[in-house]
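# Notes for the structure review
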Amino acid sequence: MAVDLSSLPAPVRRYAARVLPAAPVSAGSVRIGQRGEMILKPGARPRPFTATEELSAQRVAFDWRASFPMLGPVGLRVTDAYRSGEGRLEVRVLGLPLQRRRGRELARAEAYRYLAEIPWVPHAILANPELEWAEVG
């Protein structure tokens with residue numbers, strides 16, 4: 001059974017035609033392991049991190065959990081997430097919260113992050129009923 005791309009705007013249709021298999025994919029989510037470096041504040045040196053991110057194909061939702069080693073077994077634990085219309089950013093050390101962010105502005109930024117990461121879960125283009133595609137410019 002072929003994937004129906006006809007309802008998508010032309011740019012999304014062209015992308016989906018290149019990356020999606022001909023047969024529908026039924027995966028509910030994608031889990032990605034990451035390892036890299038990140039600058040945690042302006043002027044600071046890059047810090048190594050490892051992370052796991054899970055992106056849903058069925059709804060606009062993701063969960064990114066990262067660990068930044070600092071001194072031996074002590075490190076920062078960062079959670080960046082979006083689910084059910086709410087964004088969440090938490091930074092913890094030894095399980096104690098250092099920073100917590102929520103609110104409308106963060107939720108919007110997290111929803112945009114999900115859209116920016118659609119290439120990691122391209123079957124969400126068709127499978128996610130929360131997404132509406134329209135060409136606006």
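The present account deals with the structure reproduced in this document. Predicted model only: the values in this text are computed from it and were never measured.

### What to know about the overall build of the protein
Of regular secondary structure, the protein possesses three helices and six strands. For the protein, the succession of helices and strands along the chain, N to C, is α-β-β-β-β-β-β-α-α. Across its three principal axes, the protein shows a C-alpha extent of roughly 55 × 30 × 25 Å. Split into buried and exposed, the 137 residues of the protein put 36% on the buried side. A separation threshold of at least 6 residues defines the contact pool for the protein, and within that pool the share at least 24 residues apart is 35%. Counting every atom, the protein has about 9,000 Å² of accessible surface; 55% of that belongs to carbon and sulfur. Between the mean site of the 20 positive side-chain charges and the mean site of the 14 negative ones, the protein shows a separation of 7 Å.

### Looking at the nonpolar core
As a rule of thumb, soluble globular proteins bury nonpolar side chains together. Trp 64, Ala 66, Phe 68, Val 78 and Tyr 114 are the most contacted members of the largest nonpolar core, which has 30 residues in total. Looking at this core, the elements that each hand over two or more residues are helix H1 (10–19), strand E1 (29–38), strand E2 (47–56), strand E3 (62–71), strand E4 (74–83), strand E5 (86–93), helix H2 (104–116) and helix H3 (124–127). Discounting chain neighbours no more than four positions away, the residues touching Tyr 114 are Leu 55, Ser 56, Ala 57, Arg 59, Val 60, Ala 61, Phe 62, Ala 124, Asn 128 and Leu 131.

### So, H2
Here H2 spans 18 Å end to end across 13 residues, near enough to the 18 Å set by a 1.5 Å rise per residue. Within H2 the residues assigned to the buried category are Leu 106, Ala 107, Glu 110, Ala 111, Arg 113 and Tyr 114. Projected onto a plane normal to the axis of H2, the buried residues spread over an arc of 155 degrees and lie on a single side. Along H2, the residues that are exposed and aim more than 90 degrees away from the buried face are Arg 104, Glu 105, Arg 108, Tyr 112 and Ala 116. In the core, the buried residues of H2 are packed alongside E2, E3, E4, E5, strand E6 (96–101) and H3.

### Quick word on the packing of aromatic side chains
Overall, the coordinates contain two aromatic pairs when judged by the stated rule. For the ring pair Phe 49 and Phe 68, a centre distance of 5.4 Å and an interplane angle of 35 degrees mean the geometry is tilted. Of the two residues, Phe 49 sits in strand E2 while Phe 68 sits in strand E3, which places them 19 residues apart along the sequence. Using a relative accessible area of 10% as the deciding quantity, one classes Phe 49 as buried. Under the relative-accessibility criterion, Phe 68 is labelled buried at 1%.

### Examining the sheet that holds E4
Across the sheet, which stays open at both edges, the six strands sit in the order E1-E2-E3-E4-E5-E6 with antiparallel pairing between neighbours. The two strands at the open ends of the sheet, each matched to only one other strand, are E1 and E6. On average, each strand axis in the sheet is tilted by 15 degrees relative to the strand beside it, whichever way the strands run. Sheet topology note: the E2/E3 ladder contains six bridges and is antiparallel. Looking at the pairing, Leu 55 lines up with Phe 62 of E3.

### Notes on the environment of Arg 104
In this fold, Arg 104 is placed in helix H2. Judged by its relative accessible area of 75%, Arg 104 is exposed.

### Focus: the pairing of E6
For E6, the buried fraction is low: zero of the six residues fall into the buried class. Where E5 folds back onto E6 in an antiparallel hairpin, the turn is made up of two residues, including Leu 94, whose phi is positive at roughly 55 degrees.

The rules behind these values
- Residues numbered from 1 in each chain as written.
- Predicted model: local features only at pLDDT ≥ 70, side-chain atom pairs only at ≥ 80, totals over all residues.
- Heavy atoms only, no water.
- Helix = DSSP H or I, 4+ residues; strand = E, 2+ residues; numbered from the N terminus.
- Buried < 20%, exposed > 50% of the residue type's maximum accessible area, 1.4 Å probe, protein only.
- Contact = heavy atoms within 4.5 Å.
- Areas by Shrake-Rupley, 256 points an atom, 1.4 Å probe, with all protein chains shown as cover.
- Lys, Arg positive; Asp, Glu negative; His and termini not counted.
- Charge placed at Lys NZ, Arg CZ, Asp CG, Glu CD.
- Core = buried A, V, L, I, M, F, W, Y, C linked by side-chain atoms within 4.5 Å.
- Expected span 1.5 Å × (residues − 1).
- Arc of directions from axis to C-beta.
- Phe/Tyr/Trp six-rings, centres within 6.5 Å; stacked < 30°, edge-to-face > 60°.
- Pairing = 2+ DSSP bridges.
- Axes fitted to C-alpha atoms, helices over the stretch in contact; angles between N-to-C directions.

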